[in-house]
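# Fold and geometry: a report
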Amino acid sequence: MTYQEVLENARKQLAPRCRVCKECDGRACRGEVPGAGGKGTGAAFIRNVEKLREITLQMDVLYENRGQDSQVTFWGRSFAAPVFAAPIGGMAHNYTPALDEAAWTKAVVDGCADAGVLAFTGDGVNPELLELPLRWMAEQGGLGVPTIKPWGMETVLEKVAKAKAANPPAIAMDVDSAGLPFLAAQGGDAGPKSVEALRQITKAAGLPFLVKGIMTVESARKAREAGAWGIVVSNHGGRVLDHTPATCEVLPEIVAAVDGTMKIFVDGGVRSGADVFKMLALGADAVLIGRPLVAAAYGGGAEGVRLYMEKVIGELRDTMKMTGCQTIRDITADKLRR
C-alpha cells in the first residue's frame, strides 16, 4: 500500500464528514463541529495552518555531513523522532462509523509504534473511549499516553487510577476540551481546572503529567506551579474557541517564559516534517499531529498510520539535511526566517 492509496481510500471512508483535502487547512470544513472543522468561522484552525506556512527555512548545505539523527528520549524511552499522535476520540461522532473506536485505537497505537513513536490517546463521556485505548495500551507494554478530559474531580481521579494501571510512560489532560459543547450535551461535566485542582491530579497521577491546551504564558506558569512535567501548547485544533492565535505564534513566548523548567510539546496545523522542524526550531521539545492521522487510519489502518508517520519523519530528516542539522539539538531558531 502506498500513502496515495491510503488517501484515496480515506476519501471514500470519511465522506461526507471529511473531504481529505489535498491541503488540510480548515477552509472546506469551516464550522463543521461535530466533524473535522474548526469552531464558528473556523478562523483558529485556518490560522494554525497559515501562520506555520508563513515561516520559511534557511538553507545551508556547507557543512561536514555525518548523517541526520532524529532520535529523542522521553520518559526513559527512545523514539525515532519527536513526533507523536495527538489524542483523538469519538470517531463515529466526529467522523464516520467506517472505523469504530476499537479499530481506531488499534490503528493509531500500533501504527505509531511500528514507526518508532507513540500515540496520545483520547477520552469521552462514554467510558469505552478511555478504557479501550488503555486495554490495548496495556497489552502493548504501555505504548501510549492516555489523555483524560477535565471532568469533575471524582471522575478524573477514577480515570487517572485506571490510566496508571495500563503502565503508560506519562498521563495527560486536555484541559482545552472544556470548551467542547458536545461533552455537555452528552452529559459530561468537563470544565476549567484551578491550579490547586491540577496539583491534586498531578500528585494522583504519580507519573510525568502533561497539561494540554496551554496558549498563554500565564497558563504555562500555572501548569508549572501545579507540578506538571510538561505542557502541550494547543488550541484543540481550533475546535473550542474561535479567533485564537495560531499555536506557532504563541509558542516562542511560552518557551522563553518556561525557560527549560518543563517540557513543551505543541500541536496545530502540523502536516509535514518541515512543519515539525519549524515547531522544534521555535522551541518545542516534541510535536503532536491530529487530523492527518485520522485520514491515515481510515484509509489504511495501522499500516496507513505507519506510512504517514514514516513519511513525516523522513521529511523531518530531509529538512535537517538541507538546513545543516545533524541532530535534533541542532534545530534552532536561526534555521528559520520569520
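This is a predicted model, so every value here is computed, not measured.

### So, the overall build of the chain
Across its full length, the chain carries 12 helices and 12 strands. Principal axes of the C-alpha set define a box for the chain whose edges measure 60 × 45 × 40 Å. Expressed as a percentage of the 338 residues in the chain, the buried residues total 56%. Of the contacts made within the chain by residues no fewer than 6 positions apart, 72% connect residues no fewer than 24 positions apart. Here the chain has roughly 13400 Å² of accessible surface; of this, 51% comes from carbon and sulfur atoms. Computed over 39 positive and 39 negative side-chain charges, the separation of the two mean positions in the chain equals 2 Å.

### Structural notes on the state of the cysteines
Enumeration over the complete set of coordinates arrives at zero disulfides. In this structure Cys-112 is a free cysteine whose sulfur lies 16 Å from that of Cys-24, the closest cysteine sulfur available. Looking at Cys-248, it has no disulfide partner, and the nearest cysteine sulfur is the one in Cys-24, 15 Å off.

### Here we look at the environment of Ser-177
By the element assignment, Ser-177 lies in the loop between strand S7 (171-174) and helix H7 (181-185). Residue Ser-177 is classed as buried on the basis of its relative accessible area of 0%. Separated by 139 residues in the primary sequence, Ser-177 and Gly-38 place their C-alpha atoms 13 Å from one another. Residues within four places of Ser-177 in sequence aside, it is in contact with Lys-149, Pro-150, Leu-183, His-236 and Val-240. Within the structure, the side chain of Ser-177 is placed 2.7 Å from the backbone oxygen of Asp-174, a separation counted as a polar contact.

### Looking at a nonpolar patch on the surface
A contiguous nonpolar surface patch, about 310 Å² in accessible area, is contributed by Met-59, Val-61 and Met-322. Take Val-61: it is sitting in the loop between strand S1 (56-57) and strand S2 (72-74). Look at Val-61 and you get partly exposed, because its relative accessible area is 44%.

### Digging into the packing of helix H9 (residues 217-225) against helix H10 (residues 247-258)
In the contact formed by H9 and H10, the axes pass within 9 Å of each other and the chain directions differ by 40°. Viewed along their axes, H9 and H10 adopt a mutual orientation that is oblique. When the axes of H9 and H10 are compared, the crossing they make is right-handed. On H10, the residues touching Val-217, Ala-220, Arg-221 and Arg-224 of H9 are Glu-253, Ile-254, Ala-257 and Val-258.

### Concerning unusual backbone geometry
Look at the link from Ala-15 to Pro-16: it is a cis peptide, with omega at 0°. Following the sequence through the fold, Pro-16 ends up in the loop between helix H1 (3-14) and helix H2 (43-54). Omega for the bond connecting Val-33 with Pro-34 falls within 30 degrees of zero, at 5°, which places this linkage in the cis form. The residue Pro-34 is located in the loop between H1 and H2 in this model. The residue Asp-259 is not glycine, and still its phi comes out positive at about 55°.

### Some remarks on the environment of Glu-218
Within the element layout of this structure, Glu-218 appears in helix H9. As a C-alpha pair, Glu-218 and Ala-257 span 39 residues in sequence and 9.0 Å in three-dimensional space.

### Focus on the side chain of Ser-272
Checked against the element boundaries, Ser-272 lands in the loop between strand S10 (263-266) and helix H11 (273-281). Classification of Ser-272 as buried rests on a relative accessible area of 19%. Ignoring anything within four residues of it in the chain, the contact list for Ser-272 reads Tyr-308, Val-312 and Glu-315.

### Here we look at the confidence of the model for the chain
It should be kept in mind that the predicted coordinates are not to be read in detail where pLDDT is low. For the chain, per-residue confidence averages 95 on the pLDDT scale, and 99% of positions sit at 70 or higher. Mean pLDDT per element in the chain: H7 is the minimum at 69, and H11 is the maximum at 99.

### Focus on the pairing of strand S8 (residues 209-214)
Of all six residues that make up S8, six are buried, and the element is covered over most of its length. The pairing of S7 with S8 spans four bridges and is parallel. Following the sheet pairing, Met-173 is matched in S8 by Val-211. In the sheet, S8 pairs with strand S9 (residues 230-233) via four bridges, with the strands oriented parallel. Pairing of Lys-212 across the sheet is with Val-232, part of S9. The parallel pair S8 and S9, bridged by H9, forms a crossover whose chirality is right-handed.

### Topic: the pattern of salt bridges
Within this structure, the stated rule accounts for 19 salt bridges. Here Arg-27 ties to Asp-25 by a salt bridge, and the two come within 3.6 Å at their closest N and O atoms. A relative accessible area of 39% means that Arg-27 is categorised as partly exposed. Since its relative accessible area comes to 15%, Asp-25 is described here as buried. Each of the salt bridges in this network shares a partner with another, and the network as a whole consists of Glu-23, Arg-53 and Asp-275.

Quick notes on the rules
- Every chain begins its residue count from 1, and numbering advances along the sequence as written.
- Residue-level local features of this predicted model are given only where pLDDT is at least 70; pairs of side-chain atoms are given and counted only at 80 or more, and the full residue set underlies all totals for whole chains, interfaces and linings.
- With hydrogens and water set aside, each side-chain value is computed from the structure's full complement of heavy atoms.
- Helix and strand labels come from DSSP, where a helix needs a run of H or I of at least four residues and a strand needs a run of E of at least two; each type is numbered from the N terminus.
- A simple rule labels every residue: compare its accessible area, found with a 1.4 Å probe on the protein chains alone, to the largest value its type can have, and call it buried under 20%, exposed over 50%, or partly exposed in between.
- It only takes one pair of heavy atoms within 4.5 Å for two residues to be counted as in contact.
- Areas reported here follow the Shrake-Rupley algorithm with a probe of radius 1.4 Å; residue values treat only the protein chains shown as occluding.
- By the counting rule applied here, Lys and Arg register as positive and Asp and Glu as negative, while His and the ends of each chain are not counted.
- Every charge is mapped onto a representative atom, which is NZ of Lys, CZ of Arg, CG of Asp or CD of Glu.
- Note that a disulfide, as used here, is simply two cysteine sulfur atoms within 2.5 Å.
- Polar contacts, as counted here, are pairs of nitrogen or oxygen atoms within 3.5 Å of one another; within protein the pair requires one atom able to donate a hydrogen and one able to accept it, and residues that are adjacent in sequence qualify only if both atoms are side-chain atoms.
- Each patch is built from salt-bridge-free residues with over 30% relative accessible area, joining like charges within 9 Å and nonpolar side chains (Val, Leu, Ile, Met, Phe, Trp, Tyr) within 5 Å.
- Salt bridge criterion: a side-chain nitrogen from Lys or Arg within 4 Å of a carboxyl oxygen from Asp or Glu.
- For helices, the fitted line uses only the C-alpha atoms of the stretch in contact; every axis is such a line through C-alpha atoms, and the angle between N-to-C directions lies from 0 to 180 degrees.
- Each angle is binned into one of four classes, with values under 35 degrees roughly parallel, values over 145 roughly antiparallel, values of 65 to 115 roughly perpendicular, and all other values oblique.
- Each crossing gets its handedness from the near helix: less than a right angle anticlockwise from the far helix is left-handed, clockwise is right-handed.
- The predictor reports its confidence for every residue as pLDDT, a score running from 0 up to 100.
- In this analysis, strands are considered paired if DSSP registers two or more bridges between them.
- Call a crossover right-handed when, viewed with both strands pointing away from you, the route from the first strand across the helix to the second goes clockwise.

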